[in-house]
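What the coordinates show
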Amino acid sequence: MLAFIIRRLGQSVLVLLVTGLVAFSMFTFVGDPIDNMLGQERTAEDIARLRERLGLDRPFVVQYFKFLQEAAQGNFGVSYRQGRPVTEILLERAPATLELAFVSGVLAIVFGIALGVFTAIRRDGVLASVIMSGSLIGVSLPTFLIGILLIYVFSVELGWLPSFGRGAVVDLGGWTTGFLTTSGLKALILPSITLGLYQMTLIMRLVRSEMLEVLRQDYIRFARARGLRERAVNFRHALKNTMVPVITVIGLQLGAIIAFAIITETVFQWPGVGLLFINAIQFVDIPVMAAYLMLISVMFVAINLLVDILYFFIDPRLRADRSGGH
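Residues numbered from 1 in each chain as written. Predicted model: local features only at pLDDT ≥ 70, side-chain atom pairs only at ≥ 80, totals over all residues. Heavy atoms only, no water.

Along the protein, the regular secondary structure elements total 14 helices and two strands. Along the first, second and third principal axes, the C-alpha atoms of the protein reach 85 × 65 × 35 Å. Of all 326 residues assigned to the protein, the portion counted as buried reaches 40%. Long-range contacts, defined here as pairs at least 24 residues apart, represent 70% of the contacts in the protein between residues at least 6 apart. When the accessible surface of the protein is split by element, carbon and sulfur atoms take 65% of a total near 17,900 Å². The protein carries 28 positive and 23 negative side-chain charges, and their two centres are separated by 14 Å. (Helix = DSSP H or I, 4+ residues; strand = E, 2+ residues; numbered from the N terminus. Buried < 20%, exposed > 50% of the residue type's maximum accessible area, 1.4 Å probe, protein only. Contact = heavy atoms within 4.5 Å. Areas by Shrake-Rupley, 256 points an atom, 1.4 Å probe, with all protein chains shown as cover. Lys, Arg positive; Asp, Glu negative; His and termini not counted. Charge placed at Lys NZ, Arg CZ, Asp CG, Glu CD.)

Here it is, written out as structure tokens:
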């Protein structure tokens, strides 16, 4: 088990290095931040002086390794646009994104698994057919269009929920949350549904297909022949074996929720790191863009590592293979 984790950690570090190199290389094609930082009255001396101060006059390889060295210490430099440490800016924006991602993830996992099990068990029922037909909406429609439709219905026409912003928040020692205010909870509803709908429908359809496949297995027929209750067969035997491949998809989708919150945050003007990244692109704020992509990469790698470890504990065949190999 220890060797397995060490090997996965080594692979994760390699992935982060490659991802950081690709992302840092792409920034050279975004534009020149000097054009946005200096006015029309700038001189050649001003440009040279600012390039030297920002380290942009150094070779690309030197800039990249300097970025990695400082990022490993939690220092992502200073924002070209705001003139503040990037780490400080990210810490201000992170609670909004993590709060949105948490609610969206809970909705996607709970409703996705529950509806997937229901549509598999009641596969010939009318309600199951309606749910499966409705799930095509979440799979087919792009996220920004779902958000616009929800805003039009619940904000413009009905006036029940806010169309943008985070609402009132409470500061808990540096961590801001909207869970403790009415306006904060209302503001979370539409963006969390928008962000989690695709993941929910994907998980639901996967759980349903895997559950139907498991229910056809011989050991399920044997369990029914033993006289076990249908509830025990479905949840103790079928669902447990269904979750092995589903865990991988859930792990990837949790990472996608954080990474692709950028679209939802733009539609709802949610003050998170996704919206910060969009603004950073417009102003060619390279330190902010680099820090954002590195953090997203770390989250994806961490989630995948956690999924691999969960696999080891959930699927006894993996433990048997490891033991047999030794």
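Next up on the list: the packing of helix α7 (residues 143-157) against helix α8 (residues 182-215). Running from amino to carboxyl end, α7 crosses α8 at an angle of 150 degrees, the nearest separation of the two axes being 9 Å. One finds that α7 runs roughly antiparallel with respect to α8. Relative to α8, the crossing made by α7 is right-handed. In contact with Thr143, Ile146, Gly147, Leu150, Ile151, Phe154 and Ser155 of α7, α8 contributes Leu190, Ile193, Thr194 and Leu197. Residue composition of the contact of α7 with α8, by class: seven nonpolar, four polar and no charged. (Axes fitted to C-alpha atoms, helices over the stretch in contact; angles between N-to-C directions. Parallel < 35°, antiparallel > 145°, perpendicular 65-115°, else oblique. Left-handed = near helix turned anticlockwise from the far one by under 90°. Nonpolar A, V, L, I, M, F, W, Y, C, P; charged D, E, K, R; others polar.)

What follows deals with the side chain of Thr264. Summarising the element assignment, Thr264 is placed in helix α11 (residues 261-268). A relative accessible area of 1% places Thr264 in the buried class. Among all residues touching Thr264, those that are not within four sequence positions of it are Leu100, Thr143, Pro191, Thr194 and Leu195.

This brings us to the confidence of the model for the protein. When pLDDT is averaged along the protein, the result is 81, and 90% of the positions lie at 70 or above. The element-level mean pLDDT for the protein is lowest in helix α14 (residues 316-325), coming to 53, with α7 highest at 91. (pLDDT = per-residue confidence, 0-100.)

Bringing a nonpolar patch on the surface into the picture now. Together, Leu98, Phe102, Val106, Val110, Phe111, Leu172, Trp175, Phe179, Leu180 and Leu185 give the surface a local cluster of nonpolar side chains, amounting to about 940 Å² of exposed area. Looking at the nonpolar patch, the element that brings in the most residues is helix α5 (residues 86-121), giving five residues. Position of Trp175 relative to the elements: it lies in the loop between β1 (170-171) and β2 (176-177). By relative accessible area, which is 39% here, Trp175 ends up partly exposed. (Patch = residues over 30% accessible without salt bridge, like charges linked within 9 Å, V, L, I, M, F, W, Y side chains within 5 Å. Salt bridge = Lys/Arg side-chain N within 4 Å of Asp/Glu carboxyl O.)

A few words on unusual backbone geometry. With glycine set apart, most residues show a phi of negative sign, and most peptide bonds adopt trans. In this model, Gln269 sits at a positive phi of 50 degrees, which is unusual for a non-glycine residue. Take Gln269: it is sitting in the loop between α11 and α12 (273-282).

A complete count under the given rule lists four salt bridges for this structure. Each member of the salt-bridge network shares a partner with another, and the members are Arg84, Glu88 and Glu92.

The element α12 is extensively covered by neighbouring structure, given that seven of its 10 residues are classed as buried. Those residues of α12 that fall on the buried side of the exposure criterion are Val273, Gly274, Leu275, Leu276, Phe277, Asn279 and Ala280. Just downstream of α12, Val284 is the residue with a positive phi angle, here 50 degrees.

Another point: the environment of Phe65. Positionally, Phe65 belongs in helix α4 (residues 60-71). Exposure remark for Phe65: the relative accessible area of 52% places this residue in the exposed category. Separated by 44 residues in sequence, Phe65 and Leu21 have C-alpha atoms that sit 9.3 Å apart.

A complete count under the given rule lists two aromatic pairs for this structure. Ring centres 6.2 Å apart and planes at 45 degrees place the aromatic pair Phe154 and Trp160 in the tilted group. Relative to Tyr292, the ring of Phe277 lies with its centre 4.5 Å away and its plane at 20 degrees, an arrangement referred to as stacked. Of the two residues, Phe277 sits in helix α12 while Tyr292 sits in helix α13 (residues 286-314), which places them 15 residues apart along the sequence. (Phe/Tyr/Trp six-rings, centres within 6.5 Å; stacked < 30°, edge-to-face > 60°.)

Within the largest apolar cluster, 39 residues are counted, with the highest numbers of intra-cluster contacts made by Phe67, Phe76, Val86, Leu90, Trp270 and Tyr292. Among the secondary structure elements, those contributing two or more residues to this core are α4, α5, α8, α10 (230-259), α11, α12 and α13. (Core = buried A, V, L, I, M, F, W, Y, C linked by side-chain atoms within 4.5 Å.)

This part takes up the side chain of Ser192. Topologically, Ser192 is positioned in helix α8. Judged by its relative accessible area of 3%, Ser192 falls in the buried class. Those residues within four positions of Ser192 in sequence are excluded, and the remaining contacts are Leu100, Val103, Ser104 and Leu107.

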